[in-house]
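# Structural description and commentary
Next come the chains, spelled out residue by residue.
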Amino acid sequence: MCYTKIIKKVTYVIGIFILVSGVLQLIFEYVPKEITINQKNEVGNYGNHSQENYLIFSSGNSVWSIPFICGSKLYLYDIKEDKKYLLWHQKGIFQEFGTEMCFNGENILVFAGRGMGGQPSDAVMIALDGSKKKITIDPTSCIAIKETAIYYIEEIYDEKNGKQFYDVIWEKDIASGVQKKLLQGDEHSFESFKIINGRLFAVDENLGSLVIKNLSTGQVSTHQFSENVYPAYIIPKDEDSIIVIGIGESYQYKIIEYQLEEAKERIITLLNNEKEDASYWLWDNGTYKNGYLYCNDMSDNVVQIDVKTGKTEILITANQLGTERNYCHAEYSQDYIAIEVYHDSMKTLYIFDYGGNLIRKKLLHQ
């Protein structure tokens, strides 16, 4: 009899705990959030998860999320204040968020839903106040957003004209759904693109070239780099120049400063590669800040490169990011470098300053 009472009391306490936990999680998701972002991205390019000192990240549910042990949460994280805001809580079985997002102004574009180990299929625009809008697109790969439009690559099958495939980069008005064709190329032409200072930069995978379109004038030009360097990543420097992280022979990084008007390139430095596939090990992001380029090298170190002299220093070593790294995503915010390191079933968020000092780290669920 005594044991029966104890069991009833324990069951009652657990029930109350589960109920309170569920209510609190719902409150955290739907409570109004006062978030002000002053320094906003011109465009939220593919893989841009930060603005100012705010970062977007997801974390899978666990037993600590009772009663919602399935699904995943999307957070806005104030790095400076070490404070996170719950924006969206998916509670269904196998529901998760894709690893790549776009962050622009008050809006975030994410892929959500049932991923089943791959990229979820639903493209959703979510505002910082928690409101959501499903976007009907079928992107082949890269996407970007701004306040009124979404940009994406689509592979089109032209059955009428010879049954051929070709790639198109579209601009789609979010409110009206009206599409505008920005660039067209052959099948599998466009691997990625970025929008920087009113220009569209698209990497033509077939030709190994960079196609640039001025979105104001409509002028299009194609740029081929010396020694067949493949332009793997484009980083804005100023209005007249960009920094290209290119892949040359023997899988070697070649860092190039490129003057847009003069179509003139200058080699800043070379980075040796210790791995076989350079494109796989290139992280998603880099940044130019106060005369320095920040990116990763082929050994997963974060390096600081003096753009004028080419002097390269290791800022964050790979050993500081732990072992058994499956994938890394770096974000270079206003004052911090945030690196998400993916392991088999967990991921760790590391926060560094631009001096390479570890500020904090957080263990997250995938």
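Keep in mind the model is a prediction, meaning the values are calculated, not measured.

## Regarding the overall build of the protein chain
Of regular secondary structure, the protein chain possesses 2 helices and 30 strands. Classification of the 366 residues of the protein chain by burial places 52% in the buried group. Counting only contacts in the protein chain whose residues sit at least 6 apart along the sequence, the fraction spanning at least 24 positions is 39%. Surface exposure of the protein chain reaches about 18,600 Å², of which carbon and sulfur atoms provide 50%.

## Some remarks on the confidence of the model for the protein chain
Of the residues in the protein chain, 82% reach a pLDDT of 70 or more, and the chain-wide mean stands at 83. When the elements of the protein chain are averaged for pLDDT, helix H2 (residues 278-281) gives the smallest value, 49, and strand S25 (residues 302-306) the largest, 95.

## A few points about the pattern of salt bridges
In this structure the tally under the stated criterion is 11 salt bridges. We note a salt bridge from Arg199 to Glu261, for which the minimum N-O separation is 3.3 Å. Linking Arg199 in strand S16 (residues 199-204) with Glu261 in the loop between strand S21 (253-259) and strand S22 (264-271), this pair joins segments that are 62 residues apart in sequence. Residue Lys237 is joined to Glu257 by a salt bridge in which the shortest nitrogen-to-oxygen separation is 3.4 Å. Linking Lys237 in strand S19 (residues 230-238) with Glu257 in strand S21, this pair joins segments that are 20 residues apart in sequence. Of the residues examined, Glu257 reaches a relative accessible area of 10% and is grouped as buried. The network of salt bridges with shared partners includes Lys237, Asp238, Glu257 and Arg266.

## Side note on the packing of aromatic side chains
The tally for this structure, following the rule as stated, stands at 6 aromatic pairs. Aromatic pair Tyr350 and Phe352: ring centres 6.3 Å apart, planes at 15°, arrangement stacked. With respect to class, Tyr350 is no different from Phe352; both count as buried. Grouping aromatic residues by their ring pairs yields a cluster made of Phe57, Tyr75 and Tyr77.

## With respect to unusual backbone geometry
Note: most peptide bonds trans; most residues except glycine with negative phi. In the Ramachandran plot, Glu227 falls in the positive-phi region, its phi being about 60° despite a non-glycine side chain. On the accessibility criterion, Glu227 (58% relative accessible area) is exposed. In the Ramachandran plot, Asp300 falls in the positive-phi region, its phi being about 70° despite a non-glycine side chain. With respect to the element layout, Asp300 can be found in the loop between strand S24 (292-296) and S25. Overall, Asp300 belongs to the buried group, its relative accessible area being 3%.

## Structural notes on empty space enclosed by the protein
To find leftover empty space, a probe the size of one water molecule is rolled over the atoms. Under the criterion given, the structure shown has 1 cavity of 30 Å³ or more. Estimated volume of the largest cavity: approximately 30 Å³. Along the walls of the largest cavity sit His49, Ser58, Gly98, Thr99, Met101, Glu340, Tyr342 and Lys347, which together make up its complete lining. Among the residues making up the lining of the largest cavity, the classes are represented as 2 nonpolar, 4 polar and 2 charged.

## Digging into the sheet that holds strand S17 (residues 209-214)
Ordered in space as S15-S16-S17-S18, the 4 strands form an open sheet in which the pairing is antiparallel. Pairing within the sheet leaves two strands with one partner each, and these edge strands are strand S15 (190-196) and strand S18 (220-223). On average, adjacent strands in this sheet sit at an angle of 20° to one another, irrespective of strand direction. Where S17 and S18 come together, 4 bridges link them in antiparallel fashion.

Reading the values: rules and limits
- Residues numbered from 1 in each chain as written.
- Predicted model: local features only at pLDDT ≥ 70, side-chain atom pairs only at ≥ 80, totals over all residues.
- Heavy atoms only, no water.
- Helix = DSSP H or I, 4+ residues; strand = E, 2+ residues; numbered from the N terminus.
- Buried < 20%, exposed > 50% of the residue type's maximum accessible area, 1.4 Å probe, protein only.
- Contact = heavy atoms within 4.5 Å.
- Areas by Shrake-Rupley, 256 points an atom, 1.4 Å probe, with all protein chains shown as cover.
- pLDDT = per-residue confidence, 0-100.
- Salt bridge = Lys/Arg side-chain N within 4 Å of Asp/Glu carboxyl O.
- Phe/Tyr/Trp six-rings, centres within 6.5 Å; stacked < 30°, edge-to-face > 60°.
- 1 Å grid on protein atoms, 1.4 Å probe; cavity = no way out; pocket = protein on both sides within 12 Å on 5 of 7 lines; lining within 4 Å.
- Points joined across faces, edges and corners; volume = space filled by probe spheres on them.
- Nonpolar A, V, L, I, M, F, W, Y, C, P; charged D, E, K, R; others polar.
- Pairing = 2+ DSSP bridges.
- Axes fitted to C-alpha atoms, helices over the stretch in contact; angles between N-to-C directions.

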